[in-house]
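Given next are the chains, with one letter for each unit.
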Amino acid sequence: MDHKLIRTTCPYCGTGCGLILKVRDDRVVETYPDREHPVSRGHLCVKGWVAHEFVHHPDRLTAPLVKEGDEFHEISWEGAIALAAEKMREIAGRYGGDAIGGLSSAKCTNEENYLFQKLIRAGFKANNVDHCARLCHAPTTVGMVQTLGSGAMTNSIADLAGSDCIFIIGSNAAESHPIIMGEIYKAQDRGARIIVVDPRRTAVAENADIHLAIKPGKDIPLVAGMMRHMVDEGLHDAEFIEKRVEGFEELKDFLALWPVEKAAGECGIDAEVIRNVAELYAKAGESAIVYCMGITQHACGSANVISLCDLAMLCGHVGTEHSGVYPLRGQNNVQGACDMGALPNVYHGYQNVADPEVRDKFQKAWKADLDDRPGLTVTEMIGKAGKEIRALYIMAENPAMSDPDVTHVLESLESLDFLIVQDIFMTETAKFADLVLPASSFAEKTGTFTNTERRFQLVRKAVEPPGNAKDDFSILCLIGNALGLDFSYAGPEEVMEEIADLAPAYGGIRYGRMERAGLQWPCPDEEHPGTPFLHEGRFTRGKGLFVVPEYTPPMELPDNEFPFYLGTGRMFAHYHTGTMTRRSPFLHREYEKAYAEVNPADAERLGVDEGDAIRITTRRGSIVTSVFISGKVSPGTVFVPFHFTEARANMLTNPVLDPQAKTPEFKVCAARVTKEP
Ligand SMILES: Nc1nc2c(c(=O)[nH]1)N[C@H]1C(S)=C(S)[C@@H](COP(=O)(O)OP(=O)(O)OC[C@H]3O[C@@H](n4cnc5c(=O)[nH]c(N)nc54)[C@H](O)[C@@H]3O)O[C@H]1N2
Ligand SMILES: Nc1nc2c(c(=O)[nH]1)N[C@H]1C(S)=C(S)[C@@H](COP(=O)(O)OP(=O)(O)OC[C@H]3O[C@@H](n4cnc5c(=O)[nH]c(N)nc54)[C@H](O)[C@@H]3O)O[C@H]1N2
Ligand code: SF4
Ligand SMILES: [Mo]
């Protein structure tokens, strides 16, 4: 045979499907599904089937680049590493270690994330390290930790197929998590009721038993109305609450403020419909809640998550095999990047930087002096760039496209004394860099990703990186050593041993145990089989806690000047800032150019046809894009995917943040739409 087959893990979304890469002459020529994979069992979505297509794209970065004037020039790796270390050391010497910020990455492996946060923390005695979870599921961590005690998905993906009722709110799983959607359809085939809450009539909504086309940002009134009806009618699980949850009196006081009719008025859903879905969810044998960015990307994102955890506990629908709360994690390794401490307030395993015992443990293990003050978040580092933050090291993130209000982001990147970008392509962000480091894609590295159900899985190297590119792990070791840290690891497996030794929840995670099906944490020791679902018999925090969700409507609503609701998000064929999927010929053919979904009635009023150019303007900026006439959006609403550089959705978005999680309100702002001549 002139080819080899390599089993690995999909680099796109947090489902973590199993891929088999077919390699010939050091090139990945095809991708197949892995029939024995515990999650995907022989299935892949369209992105997975062509996951190899961007790997050998001619645009791949192949040599380190340094900027001189406005131009990039190739330099040697020795020169690049020395420059990176020297600049960061010089800036830390002049302004203090907390003038250095690091953006780690949910696209990179656990081992790389662990090394990245160790490099920032031990190298500069600062905790300024964060990653794109801030723009995504940070409210999940805040909300779930307060109520249940753990910020992770309570159950496993396969458990969904056995649920009796699935309440999907703010998730377009049919496009964003198609393989998980498959499990939901299996449940529906068994007779489970599927309820969908989404302002858009997505494919998920289309196939549901009931679709609630809620007003954007009004989920708390809806859920409060449902809970009020349950308590009024005695549909709640009094025994479960008595035994396992505290704070019920406070929750009832809050529900007293939300009679069903009032909730209906606020969220735009009929009171009878609210009562009906409350009964379906409460009375079903085992009900699950599935949510995603429609819940978290709001100024009240954390409170939204809290209200969903309250709902699950009120009915005792958590802590069993087919119930639970499912935040669908986005990036391939966003669960892992959080678990590995690529966050400003915790080391890996969610060990608090401010806890003196924890700090002491890491100081000894890392032989370094560490800071006990939490660092800055992504949004704060970008906001303070050029001021408190003088240098940024960005590994595998593209904030020039993915952060809100990008006009300001570009100014921030411009004002830094030194910017290092480590990517596989020359991104919009890398164009601002002083130093660009060419890294490796998933197909060119070894390590682990952790999927949305807390499953550590192996990533296996199939081919060599192009040209002089190096894998992220090696680059981090070189920079770490140049900074005087002892980063002389033999390889990723040795780093996993350090990870396991320093965090109890991962104590039993070892490469040799993950060959077939990976391992789901908590997995405290080498005999432990891993944990498919959490909170059985006891919540991670002991008793569950009903927290009163603080409702705030969206910060910017349509008015005379900006009469449309603008929402942003995703579609099935493209991924985020498009660096990978837009370089995949197959996916590019599916959707070649930027567009905005416009309701037929609005299109007629604006006098535009399919494909016509329109200008969308908000208080932040304006873009020109093309019309996609679609009944998915209601009249008075436009939806813009954020995958397209030529019409950046984030020129438009409102940078207001959820006060607790610091996540931007990507899902709602006010816009004006006009026909372009
Ligand atoms: N094809 C593809 N798949 C992806 C990604 C990708 O870029 N492309 N990205 C991955 C990542 S990182 C993530 S985080 C996930 C995101 O996955 P999703 O969250 O499913 O994707 P979005 O399109 O951002 O938003 C989901 C839905 O929220 C709805 N929504 C907006 N506002 C509200 C509201 O106020 N209330 C309610 N109830 N719903 C609302 C929107 O109409 C939209 O249909 O997808 C992952 N998978
Ligand atoms: N308007 C709007 N904005 C949003 C959202 C929204 O719904 N609406 N969603 C937000 C969400 S949920 C998320 S998660 C963020 C995502 O925001 P980002 O993480 O900034 O977006 P990505 O395009 O995934 O960026 C990943 C980068 O890593 C590079 N890369 C891929 N693999 C590797 C690797 O192995 N090594 C290295 N070194 N580089 C690699 C890619 O080329 C790419 O440049 O966007 C957020 N922004
Ligand atoms: S569902 Fe996600 S992990 Fe699975 S093949 Fe598609 S993009 Fe990859
Ligand atoms: Mo995300």
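Computed from a predicted model, the values in this text were never measured in an experiment.

**Q** Hey, could you run me through the pattern of salt bridges in this one?
**A** Two side chains of opposite charge can pair, provided their charged atoms sit close to one another. For the structure shown, the criterion picks out 44 salt bridges. Of the charged contacts in the structure, one is a salt bridge between arginine 201 and glutamate 206, with a shortest N-O distance of 3.6 Å. With a relative accessible area of 35%, arginine 201 lands in the partly exposed category. Across the pair glutamate 428 and lysine 431 runs a salt bridge, and its minimum N-O distance is 3.2 Å. By relative accessible area, lysine 431 is classed as partly exposed at 41%. By sharing partners, the salt bridges in this structure join Glu175, Arg200, Glu597 and Lys632 into a single network.

**Q** Would you mind going over the domain arrangement of the protein chain with me for this structure?
**A** How large an interface is tends to be reported as the accessible area lost when its parts come together. Domain parsing of the protein chain yields domain 1 (4-49), domain 2 (65-134 + 334-520), domain 3 (138-328) and domain 4 (564-675). Taking the mean C-alpha position of each, domain 2 and domain 4 sit 31 Å from one another. If you look at the interface, domain 2 gives 18 residues, while domain 4 gives 22 residues. The contact between domain 2 and domain 4 buries some 1,700 Å² in all, and 61% of this surface belongs to carbon and sulfur atoms. Taken together, the links from domain 2 to domain 4 amount to 2 salt bridges.

**Q** Just to check I follow, could you spell out the site of ligand 3 for this structure?
**A** Lining the immediate surroundings of ligand 3 are Cys10, Tyr12, Cys13, Thr15, Gly16, Cys17, Leu44, Cys45, Lys47, Gly48, Pro178 and Ile179. At the level of elements, α1 (46-49) and α6 (178-189) are the ones that each hand at least two residues to the shell around ligand 3. The residue makeup of the shell around ligand 3, split by class, is 8 nonpolar, 3 polar and 1 charged.

**Q** Where do I start with the sheet that holds strand β19 (residues 447-450) in this structure?
**A** Hydrogen bonds between backbone atoms are what pair the strands of a sheet, whose relative direction is either parallel or antiparallel. Here 3 strands make up an open sheet; going across it, the order is β19-β20-β21 and the pairing antiparallel. One side of each edge strand has no neighbouring strand; the edge strands of this open sheet are β19 and β21 (519-520). One ladder, built from 2 bridges, connects strand β20 (residues 455-459) with β21; its direction is antiparallel. Bridging across to β21, phenylalanine 456 finds its partner in leucine 519. Strand contacts of helix α3 (residues 110-124): β19 and β20, with the helix running at about 95 degrees to β19, the strand carrying the most contacts.

**Q** Which parts of the structure should I look at to understand the packing of helix α11 (residues 260-267) against helix α12 (residues 271-283)?
**A** The packing of two helices is summarised by the inter-axis angle and the distance between the axes. Running from amino to carboxyl end, α11 crosses α12 at an angle of 110 degrees, the nearest separation of the two axes being 8 Å. Judged on the interaxial angle alone, α12 and α11 are roughly perpendicular. For α11 against α12, the interelement crossing comes out right-handed. Residues Val260, Glu261, Ala263, Ala264 and Cys267 of α11 form the contact with α12, whose participating residues are Ala271, Ile274 and Arg275. Residue composition of the contact of α11 with α12, grouped by class: 6 nonpolar, no polar and 2 charged.

**Q** Any chance you could explain the site of ligand 1 here in plain terms?
**A** Taken together, the neighbourhood of ligand 1 is formed by 33 residues, with Asn172, Asp198, Gly217, Arg570 and His574 sitting nearest. Residue valine 197 places a main-chain N or O atom 3.2 Å away from a nitrogen atom belonging to ligand 1. Between ligand 1 and glycine 294 there is a distance of 3.4 Å, counted from a nitrogen atom to a backbone nitrogen or oxygen. Contact with the protein chains covers 98% of the free accessible surface of ligand 1, which is 910 Å².

**Q** Sorry if this is basic, but what is going on with the pairing of strand β24 (residues 595-598) here?
**A** The side chains of a regular strand alternate, first on one face of the sheet and then on the other. Burial along β24 is two-sided: Tyr595 and Glu597 facing one way and Ala596 and Val598 facing the other are all buried. Both β24 and strand β26 (residues 622-629) contribute to a ladder of 4 bridges, which runs parallel. In the sheet register, tyrosine 595 faces β26, and the bridge partner there is serine 626. Of the pairings in the sheet, the one linking β24 to strand β27 (residues 637-641) comprises 2 bridges and is antiparallel in character. Looking at β27, one finds that valine 598 is bridged to valine 638.

**Q** It is not clear to me how the environment of methionine 401 should be interpreted in this structure. Could you clarify?
**A** Relative to the elements of secondary structure, methionine 401 occurs in helix α18 (residues 399-402). In this structure methionine 401 touches Val406, Glu428, Thr577, Phe642, His643, Phe644, Thr645, Arg648 and Asn650, once residues within four positions along its chain are discounted.

**Q** Just to check I follow, could you spell out the packing of aromatic side chains for this structure?
**A** Applying the stated criterion to the full structure yields 19 aromatic pairs. On the numbers, 6.1 Å between centres and 80 degrees between planes, the contact of tyrosine 114 with tryptophan 366 is edge-to-face. With tyrosine 114 in helix α3 and tryptophan 366 in helix α16 (residues 356-366), this pair connects stretches of sequence that are 252 residues apart. Overall, the relative accessible area of 7% leaves tryptophan 366 in the buried class. A centroid spacing of 4.9 Å and a plane angle of 50 degrees characterise the contact between phenylalanine 116 and tyrosine 393, whose relative ring orientation is tilted. On the criterion of sequence distance, the pair formed by phenylalanine 116 in helix α3 and tyrosine 393 in strand β16 (residues 391-395) is long-range, its members being 277 residues apart. Three or more aromatic residues joined by ring pairs make a cluster, and in this case those are Phe572, Tyr591, Tyr595, Phe628 and Phe644. Taking NZ or CZ as reference, arginine 121 lies 5.1 Å from the ring centre of tyrosine 347, over its face. Lying over the aromatic face of phenylalanine 639, arginine 200 brings its terminal NZ or CZ to 3.6 Å of the ring centre.

The rules we used
- Residues numbered from 1 in each chain as written.
- Chains lettered and ligands numbered in written order.
- Predicted model: local features only at pLDDT ≥ 70, side-chain atom pairs only at ≥ 80, totals over all residues.
- Heavy atoms only, no water.
- Salt bridge = Lys/Arg side-chain N within 4 Å of Asp/Glu carboxyl O.
- Buried < 20%, exposed > 50% of the residue type's maximum accessible area, 1.4 Å probe, protein only.
- Domains from an automatic or database assignment.
- Contact = heavy atoms within 4.5 Å.
- Buried area = accessible area lost by both parts, 1.4 Å probe.
- Near = heavy atom within 4 Å.
- Helix = DSSP H or I, 4+ residues; strand = E, 2+ residues; numbered from the N terminus.
- Nonpolar A, V, L, I, M, F, W, Y, C, P; charged D, E, K, R; others polar.
- Pairing = 2+ DSSP bridges.
- Axes fitted to C-alpha atoms, helices over the stretch in contact; angles between N-to-C directions.
- Parallel < 35°, antiparallel > 145°, perpendicular 65-115°, else oblique.
- Left-handed = near helix turned anticlockwise from the far one by under 90°.
- Polar contact = N/O pair within 3.5 Å; in protein donor to acceptor, adjacent residues only side chain to side chain.
- Areas by Shrake-Rupley, 256 points an atom, 1.4 Å probe, with all protein chains shown as cover.
- Phe/Tyr/Trp six-rings, centres within 6.5 Å; stacked < 30°, edge-to-face > 60°.
- Lys NZ or Arg CZ within 6 Å of the ring centre and 35° of its normal.

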